[in-house]
Amino acid sequence: MTGSDGDPPTHSDPERVPDTDPIAAAERTAAALSSDGSPRGTLGPRFDRHSPFFTGITAAAGALTTVAVVLAARAVESILILIGVAFFLALGIEPLVRWVTARRVPRWAAVTGVFVVGGAALTALVAAAVPPLTEQASALIAAARTTSNNSPSRRRGSVA
């Protein structure tokens, strides 16, 4: 169906449009349903929130959100650990810092002093613990060698 000039015919009259075009049919139906009060037509029935489709979509969205939160937490895990350690250090030294600042020491000097004294105490504790630990480790290795040399499997292997 072409016009006299070879181009497709133009249909200015909606009644002359052939029904073979589904888009044109949908547009005619939409035009018939719209009004000035509701230009997109009247509202249809509400969505059933107890339908299996809605339940499945809600469950999938919840699972996807959970996976996203877990992946995000794992991505920033080391940062969160550092923040937690800093938080507990700040909570732990606050009473000492408050006590020192009550004696007219500036807060920055009190925090620095508490950390220096705490670091020195930790260093002294490690220095005091290392010699006994090395001595006990040496004794354990010697006892293991003695036990290994006196085991029945060694004696059985040496008997011909």
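Structure report, in brief. (Residues numbered from 1 in each chain as written. Predicted model: local features only at pLDDT ≥ 70, side-chain atom pairs only at ≥ 80, totals over all residues. Heavy atoms only, no water.)

### Focus: the packing of aromatic side chains
Given two aromatic rings, their pairing is described by the distance between the two centres and the angle made by the two planes. Our working definition: Ring pairs are drawn from Phe, Tyr and Trp, using the six-membered ring of Trp, whenever the two centres fall within 6.5 Å, and their geometry is named by plane angle: stacked under 30 degrees, edge-to-face over 60, tilted for the rest. Each residue is placed in one exposure class: buried if its accessible area under a 1.4 Å probe, protein chains only, is under 20% of its type's maximum, exposed if it is over 50%, and partly exposed if it falls in between.
Tallying each qualifying case throughout the model produces three aromatic pairs. Arranged with centres 6.3 Å apart and planes meeting at 70°, the rings of F47 and F53 form a pair that is edge-to-face. Since its relative accessible area comes to 49%, F47 is described here as partly exposed. Seen from their ring centres, F47 and F54 are 5.6 Å apart, and the 55° between their planes marks the pair as tilted.

### So, the pattern of salt bridges
Formally: Should a side-chain nitrogen of Lys or Arg be within 4 Å of a carboxyl oxygen of Asp or Glu, the pair is scored as a salt bridge. Here a helix means four or more residues in a row that DSSP labels H or I, a strand means two or more in a row labelled E, and each is numbered from the N terminus.
A full pass over the atoms with the stated rule returns two salt bridges. With a shortest N-O distance of 2.7 Å, R107 and E94 are connected by a salt bridge. Pair noted here: R107 is in helix α4 (residues 107-149) and E94 is in helix α3 (residues 77-101), with a separation of 13 residues, a long-range link. Ionic contacts of the salt-bridge type, sharing partners, join the residues E94, R98 and R107 into one network.

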